[in-house]
Amino acid sequence: QRAQWAKLVDAPSVSKDGKEFEIAANIGTPDDVADAVKQGADGVGLFRSEFLYMGSDHLPSEDEQFEAYKKAVVGMNGKPVVVRTLDIGGDKPLDYLPLPEELNPFLGYRAIRICLERPDIFKPQLRALIRASEFGPLGIMFPMIGTVAELRAAKAIYNECLTELQASHPGIGKNVQLGMMIEVPLAAINADNLAKEVDFFSIGTNDLIQYNFAADRGNDKVSYLYQPLNPAFLSLIKHVIDSAHRHGAKAAMCGEMAGDKYALPLLMGMGLDEYSMSATSILRTRSTMKDLDTAECAKLVDKAINECATDEEVKALVEKELG
Ligand code: PEP
Ligand code: MG
């Protein structure tokens, strides 16, 4: 089977009926790009930038960050790279960035909530990213956005950086795509208003499930509540994708669900544009994708959302479809 998959390295990510999608890689360092390319990734859908901060004893400078982002962009050779801005918080402490102890770090001061208050941290990252976009297609996405006001505040700081850089480099950053993660329940519900203000969404199902089911993603005792196929959750995902498309934004997914075999036909039926996953899952997914018909997948979505009541029922439905 692996040999069959290997033939798909240079093949497009396309359904049986010829609809094109993108299957991208999640990476943690610029060195991971080589493997993403080897596995035939159509791009990088999530570059977690935390490594730059966690693997260091000081706040990484603009130039250090620029080199890392540039390396990833150049390595992808014209295929798009989406970098997520710093997603750090109480559960992932940094020695040089003292943060208050919190009872509920997952509900606390983290990610964009820190960056909006600390332009001294946020701006060097954004400037480094804008500079790296001169070397190939680049997307920037903001994590943990919950409200339109937060998105606008992040964009305002981004635009400040852009204006500053354009003073000395006219036209720089013209090709940057701006997006946000959908991982806070209110953002998913309010996707219509948010979609008007971004080029793309990337659905972070790891956190979106954790917050929707009120179940800590790292706690085994509640892991039965990790239910990407729950019909109510599926209808929320569909709402996010439909909202993006209503406003001309692209819909991507970069949580674990994007590489889930059972979720694939459902997400294709909803018209999800990009599937970002660990590089090792790309070829398997591309192989399954080419045997699925999007019109059939859309019918499956309808049944899953309207006729199923539990994730088990959805799984049985999809199993039958996959044969
Ligand atoms: C997510 O929340 O689904 C996600 C992709 O981000 P992380 O796993 O880094 O929180
Ligand atoms: Mg997340």
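Residues numbered from 1 in each chain as written. Chains lettered and ligands numbered in written order. Predicted model: local features only at pLDDT ≥ 70, side-chain atom pairs only at ≥ 80, totals over all residues.

Visitor: So, the overall build of the protein: which residues are in play, and what are the values?
Guide: Secondary structure summary: the protein contains 15 helices and eight strands in total. Against the 2.2 N^0.38 benchmark of 20 Å for 323 residues, the protein shows a C-alpha radius of gyration of 19 Å, consistent with a compact globule. Referenced to the eigenvectors of the C-alpha coordinate spread, the extents of the protein come out at roughly 55 × 45 × 35 Å. When the 323 residues of the protein are sorted by exposure, 46% land in the buried category. (Helix = DSSP H or I, 4+ residues; strand = E, 2+ residues; numbered from the N terminus. Rg over C-alpha atoms; globule rule 2.2 N^0.38 Å. Buried ≥ 20, exposed ≤ 12 C-beta atoms within 10 Å, placed from the backbone.)

Visitor: Before we move on, could you go through the UniProt feature "binding site: Mg(2+)" (unreviewed entry) in the protein and cite the residues and values that matter?
Guide: Summarizing the sequence annotation, UniProt attributes the feature "binding site: Mg(2+)" (unreviewed entry) to Glu-183 and Asp-207 in the numbering used throughout. Look at the named residues: they lie 25 residues apart in sequence, but the longest C-alpha span between them is just 5.3 Å, so in the fold they bunch up. Mapping Glu-183 onto the fold places it in the loop between strand S5 (177-182) and helix H8 (185-189). With sequence-adjacent residues up to four places away left out, Glu-183 is seen in contact with Pro-143, Met-144, Gly-204, Asp-207 and Leu-208. (UniProt positions renumbered as here; feature names shortened; annotations may be inferred. Contact = placed C-beta atoms within 7 Å.)

Visitor: Residue-level account of the sheet that holds strand S7 (residues 250-253), with values.
Guide: Spatial ordering of the closed barrel is given by S1-S2-S3-S4-S5-S6-S7-S8, a layout of eight strands whose pairing is parallel. Strand-to-strand, the axes of this sheet are offset by a mean angle of 25 degrees, without reference to chain direction. Docked against the sheet, helix H4 (residues 62-75) engages strand S2 (44-48), strand S3 (81-84) and strand S4 (138-142), running at close to 155 degrees with respect to S3. (Pairing = 2+ DSSP bridges. Axes fitted to C-alpha atoms, helices over the stretch in contact; angles between N-to-C directions.)

Visitor: Any chance you could break down the site of ligand 1 for me, citing the residues and the numbers?
Guide: Taken together, Leu-46, Arg-48, Asp-87, Glu-183, Gly-204, Thr-205, Asn-206, Asp-207, Cys-254 and Gly-255 make up the full set of residues adjacent to ligand 1. Elements supplying a minimum of two residues to the shell around ligand 1: S2 and helix H10 (205-212). For the shell around ligand 1, the element with the highest residue contribution is H10, accounting for three residues. Its residues assigned to classes, the shell around ligand 1 comprises two nonpolar, four polar and four charged. (Near = placed C-beta within 6 Å. Nonpolar A, V, L, I, M, F, W, Y, C, P; charged D, E, K, R; others polar.)

Visitor: Which residues make up the UniProt feature "binding site: phosphoenolpyruvate" (unreviewed entry) in the protein, and what values go with them?
Guide: Those places that UniProt annotates as "binding site: phosphoenolpyruvate" (unreviewed entry) correspond, in this numbering, to Arg-48, Arg-84, Asn-206, Asp-207 and Arg-217. Within the fold, Asn-206 resides in helix H10. Taking the C-beta count within 10 Å as the criterion, Asn-206 has 16 such neighbours and is therefore assigned partly exposed. Of note, Asp-207 is situated in helix H10.

Visitor: With reference to specific residues and values, describe the pairing of S4.
Guide: Of all five residues in S4, five are buried; the element is thus mostly enclosed. The alternating pattern of S4 places Leu-138, Ile-140 and Phe-142 and Gly-139 and Met-141 on opposite faces, both of which are buried. Bridging between S4 and S5 involves four bridges; their strand directions are parallel. Of the residues in S5, the one forming a bridge with Met-141 is Gly-179. Taken together, S4, helix H7 (residues 148-168) and S5 form a β-α-β motif whose crossover is right-handed. (Right-handed = clockwise from strand over helix to strand, strands pointing away.)

Visitor: So what's going on with the environment of Thr-29? Which residues, and what values?
Guide: Note on placement: Thr-29 falls in the loop between strand S1 (22-27) and helix H2 (33-38). Taking the number of C-beta atoms within 10 Å as the measure of exposure, Thr-29 has 16 and is therefore partly exposed. Measuring from C-alpha to C-alpha, the distance between Thr-29 and Leu-52 comes to 8.0 Å, with 23 residues separating the pair along the chain.

Visitor: Give me the pairing of strand S8 (residues 274-277): which residues, what numbers.
Guide: Taken residue by residue, a regular strand's side chains alternate between the two faces of the sheet. The two faces of S8 match: Glu-274 and Ser-276 on one face and Tyr-275 and Met-277 on the other face are all buried. One ladder, built from four bridges, connects S1 with S8; its direction is parallel. Residue pairing in the sheet places Ala-24 in a bridge with Ser-276 of S8. Here two bridges tie S7 to S8, and the two strands are oriented parallel to one another.

Visitor: Before we move on, can you summarise helix H12 (residues 263-270) with the specific residues and values?
Guide: With eight of eight residues buried, H12 is to be regarded as a mostly interior element. For H12, the complete set of buried residues consists of Ala-263, Leu-264, Pro-265, Leu-266, Leu-267, Met-268, Gly-269 and Met-270. Next to the buried residues of H12 lie helix H11 (231-246), S7, S8, helix H13 (282-289), helix H14 (294-307) and helix H15 (311-322). Gly-271 sits one or two residues past H12 and shows a positive phi near 85 degrees.

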